[in-house]
Amino acid sequence: MTNFVLKIIAMVTMFCDHLGYALYGKFSSFNYIGRIAFPIFAFGISEGYKHTKSKRDYCFRLLLFGIASQAPFMFFNSIFRTGFMLNIFFTLLIGLIAIIGYEKCCEQFKNNYIGLLLVAGLACTADFLKTDYGYFGVLMIFIFHVFKDKKWLMYLSYIALCLVKYVPLAIFSGLYIEYSLLCIWTIVPLMFIHLYNGEKGKNIKYLFYGFYPVHLILLYLFNMIFV
């Protein structure tokens, strides 16, 4: 399975997720399927770090599209949520910075504990800034990077992270079935990642960047007109 196929799966399931919010709000079948999307994008950041020619340009690109997508994201979010949040590009950006910072710390200080503290700080920063997926998204990206050569350790760490995320939510909300299903569907993307063959496939680098804000504003208008 090429990177191109992974991105198509991620975009289709992301659309399902957001369509579910536009039609039904939270906890629909669309939302469960939509849990497949972000982990694939997070994995894509770890792969992008390995293959990009310029990490600075990569960061700038994520920042630029994050700024451009913020207004559509806020409009769409207003359908089912109040309050300010930053869109997924900012989560991906902080995750990328966490990878870069970790590797720099390991290289300069010869001590990965300093790098781990930096990653933890950036994960907390994502939560403080209220980015989409917050600390969970940043740590997910880091896990995909740091265990890239130890696949089963990557999978086990990822599953543990999902349990840390969803078990407390299920317990404190009392929505055991709903959050259990969200957790299970968030683990499902490991199947697609396991099938990844390391090949790029077709180049659609900017398709996701453009698709994200456009589909959000279209679903917002759809909700306003038909729902």
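Bear in mind the structure is a predicted one, so any value in this text is a computation, not a measurement.

1. Describing the overall build of the chain
Then, number 1: A count of helical and extended segments in the chain gives eleven helices and zero strands.
Then, number 2: Counting from the amino terminus, the chain carries its helices and strands in the arrangement α-α-α-α-α-α-α-α-α-α-α.
Then, number 3: Computed over its C-alpha atoms, the radius of gyration of the chain comes to 17 Å, within 12% of the 17 Å expected for a compact globule of 227 residues.
Then, number 4: Its C-alpha atoms give the chain principal-axis dimensions of about 55 × 40 × 35 Å.
Then, number 5: The proportion of buried residues among the 227 residues of the chain is 48%.
Then, number 6: Of the roughly 11,500 Å² of accessible surface on the chain, 70% is carried by carbon and sulfur atoms.
Then, number 7: With 19 positive and 10 negative side-chain charges, the chain shows a spacing of 4 Å between the two charge centroids.

2. Remarks on the packing of aromatic side chains
Then, number 1: Taken as a whole and judged by the stated rule, the model has 24 aromatic pairs.
Then, number 2: Ring geometry for Phe65 and Phe89: centres 6.1 Å apart, planes at 40 degrees, overall tilted. With Phe65 in helix H4 (residues 55–77) and Phe89 in helix H5 (residues 88–109), this pair connects stretches of sequence that are 24 residues apart.
Then, number 3: Among the aromatic residues, ring-to-ring pairing joins Phe41, Phe65, Phe89, Tyr206, Phe208, Tyr209 and Tyr212 into one connected group.

3. A short note on the packing of H5 against helix H11 (residues 205–226)
Then, number 1: At their nearest, the axes of H5 and H11 sit 11 Å apart, and the two run at 140 degrees to each other. By the angle between their directions, the pair H5 and H11 is classed as oblique. In this structure, H5 contributes Ile88, Phe89 and Leu92 to the contact, and H11 contributes Phe208, Tyr209 and Tyr212.

4. Observations concerning the pattern of salt bridges
Should their charged atoms come close, side chains of opposite charge can pair.
Then, number 1: The full count for this structure, using the stated rule, is two salt bridges.
Then, number 2: The salt bridge partner of Arg35 is Asp17, with a shortest N-O separation of 2.6 Å. Here Arg35 is found in the loop between helix H2 (29–34) and helix H3 (37–51), whereas its partner Asp17 is found in helix H1 (residues 3–24), with 18 residues between them in sequence.
Then, number 3: Here Arg35 falls in the buried class, since its relative accessible area comes to 9%.
Then, number 4: For the salt bridge of Glu47 with Lys50, the shortest nitrogen-to-oxygen distance reads 2.9 Å. Linking Glu47 with Lys50, this pair stays in helix H3, spanning three residues, or about one helical turn.
Then, number 5: Under the relative-accessibility criterion, Lys50 is labelled partly exposed at 42%.

5. Topic: unusual backbone geometry
Then, number 1: A positive phi is found at Lys130, a non-glycine position, where the angle reads about 60 degrees.
Then, number 2: One can find Lys130 in the loop between helix H6 (112–128) and helix H7 (134–146).
Then, number 3: Taking relative accessible area as the criterion, Lys130 reaches 48% and is therefore assigned partly exposed.
Then, number 4: With phi around 80 degrees, Tyr133 is a residue other than glycine that occupies positive phi space.
Then, number 5: By the element assignment, Tyr133 lies in the loop between H6 and H7.

6. Considering the nonpolar core
Then, number 1: In this structure, Leu62, Leu92, Phe144 and Phe208 are the most contacted members of the largest nonpolar core, which totals 57 residues.
Then, number 2: Dropping the residues within four chain positions of it, Phe144 is found in contact with Pro39, Ala42, Phe43, Ser46, Met154, Tyr158, Leu190 and Ile193.
Then, number 3: By size, the runner-up hydrophobic cluster in this structure holds nine residues, among which are Ile94, Ala98, Tyr102 and Leu122.

Definitions and cut-offs
Residues numbered from 1 in each chain as written. Predicted model: local features only at pLDDT ≥ 70, side-chain atom pairs only at ≥ 80, totals over all residues. Heavy atoms only, no water. Helix = DSSP H or I, 4+ residues; strand = E, 2+ residues; numbered from the N terminus. Rg over C-alpha atoms; globule rule 2.2 N^0.38 Å. Buried < 20%, exposed > 50% of the residue type's maximum accessible area, 1.4 Å probe, protein only. Areas by Shrake-Rupley, 256 points an atom, 1.4 Å probe, with all protein chains shown as cover. Lys, Arg positive; Asp, Glu negative; His and termini not counted. Charge placed at Lys NZ, Arg CZ, Asp CG, Glu CD. Phe/Tyr/Trp six-rings, centres within 6.5 Å; stacked < 30°, edge-to-face > 60°. Axes fitted to C-alpha atoms, helices over the stretch in contact; angles between N-to-C directions. Parallel < 35°, antiparallel > 145°, perpendicular 65-115°, else oblique. Contact = heavy atoms within 4.5 Å. Salt bridge = Lys/Arg side-chain N within 4 Å of Asp/Glu carboxyl O. Core = buried A, V, L, I, M, F, W, Y, C linked by side-chain atoms within 4.5 Å.

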